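The lines below spell out each chain.
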Amino acid sequence: QLLPVARHSLGPDHDLTLKLEQRLSLGLVAEAPRDDLRLKRRGVRRDPFDLDTGDNLLEAVTIMQDVAQRRRRIFGKGHPNTREVEANLSTLRSLAESVDSA
């Protein structure tokens, strides 16, 4: 719900808008948090990249590519947030490759 408001109010290239899009991308492939509390009680740490569906993964990669491109253009390659997005994109691409090869 916040993303359309951020795009409209702040613009598509604002830092907060880009952060929301990055979180959306990661959220598309993250396991639903409903079991987190139960797992935490048992000392099990959930992998934030547990896959939901291949379609979600493809959409997540597409969104993250767009965010990475805009971050590089606006903030530069050396900016910490740009490096974080690049790392996330690399992880998502690796996951996509492993799903394709399975």
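So, a few notes on the structure that sits alongside this text. (Residues numbered from 1 in each chain as written. Predicted model: local features only at pLDDT ≥ 70, side-chain atom pairs only at ≥ 80, totals over all residues. Heavy atoms only, no water.)

### As for the packing of helix H1 (residues 2-10) against helix H2 (residues 15-29)
Worth spelling out the cut-off: To get an axis, a line is fitted to the C-alpha atoms, and for a helix only the part in contact is used. The angle between two axes follows their N-to-C directions and goes from 0 to 180 degrees. The helix count covers DSSP runs of H or I at least four residues long, the strand count covers runs of E at least two residues long, and both are numbered beginning at the N terminus. For classification purposes, an angle smaller than 35 degrees is called roughly parallel, one larger than 145 roughly antiparallel, one from 65 to 115 roughly perpendicular, and anything else oblique. Note: crossing handedness is left-handed where the near helix turns anticlockwise from the far helix by less than a right angle, and right-handed where it turns clockwise. By the convention used here, residues are in contact when the closest approach between their heavy atoms is within 4.5 Å. Only Asp, Glu, Lys and Arg are considered charged, only Ala, Val, Leu, Ile, Met, Phe, Trp, Tyr, Cys and Pro nonpolar, and every remaining residue, Gly among them, polar.
It is at 9 Å that the axes of H1 and H2 come closest, and there the two elements cross at 155°. The angle between H1 and H2 places the two elements in the roughly antiparallel class. For the crossing formed where H1 meets H2, the hand is left-handed. Residues Leu2, Leu3, Ala6, Arg7 and Leu10 of H1 lie in contact with H2, whose contacting residues are Leu16, Thr17, Leu20, Glu21 and Leu24. Class assignment for the residues of the contact of H1 with H2 results in seven nonpolar, one polar and two charged.

### Things to note about the nonpolar core
Under the convention used in this document: Think of a nonpolar core as a cluster: buried Ala, Val, Leu, Ile, Met, Phe, Trp, Tyr and Cys residues, connected wherever their side-chain atoms sit within 4.5 Å. Per-residue accessibility, obtained with a 1.4 Å probe over protein chains only, is compared with the maximum for each type, and a residue is labelled buried under 20%, exposed over 50%, and partly exposed between these values.
In terms of nonpolar packing, the biggest core is built from 15 residues, with Leu57, Met64 and Leu92 touching the most fellow members. Those elements that place two or more of their residues in this core are H2, helix H4 (54-75) and helix H5 (80-101). The leading source of residues in this core is H4, at seven residues.

### Points about the pattern of salt bridges
The condition that has to hold: A carboxyl oxygen of Asp or Glu within 4 Å of a side-chain nitrogen of Lys or Arg is what we treat as a salt bridge.
If you walk through the whole model with that rule in mind, you get eight salt bridges. As a salt-bridge pair, Arg70 and Asp13 come within 3.6 Å of each other at their nearest N and O atoms. Of this pair, Arg70 sits in helix H4 while Asp13 sits in the loop between H1 and H2, and the two are 57 residues apart along the sequence. With relative accessibility at 29%, the residue Asp13 sits in the partly exposed group. Among the salt bridges present, the one from Glu86 reaches Arg72, with a minimum N-O distance of 2.2 Å. Here Glu86, found in helix H5, pairs with Arg72, found in helix H4; they are 14 residues apart in sequence, far enough to count as distant. Salt bridges sharing partners connect three or more residues here, namely Arg7, Asp13, Glu21, Asp66, Arg70 and Arg73.

### Thoughts on H2
In an α-helix, one turn spans 3.6 residues, which is why side chains three or four residues apart end up on the same side. As a reminder of what qualifies: Expected helix span is computed as 1.5 Å times (number of residues minus one).
Taking 1.5 Å of rise per residue, 15 residues should cover 21 Å, and H2 covers 22 Å from first to last C-alpha, within 8% of that figure. Residues of H2 that are buried in the fold lie against H1, H4 and H5.

### Details of the side chain of Arg70
Since its relative accessible area comes to 9%, Arg70 is described here as buried. Once residues within four sequence positions are removed from consideration, Arg70 is found in contact with Pro12, Asp13, Leu18 and Glu21.

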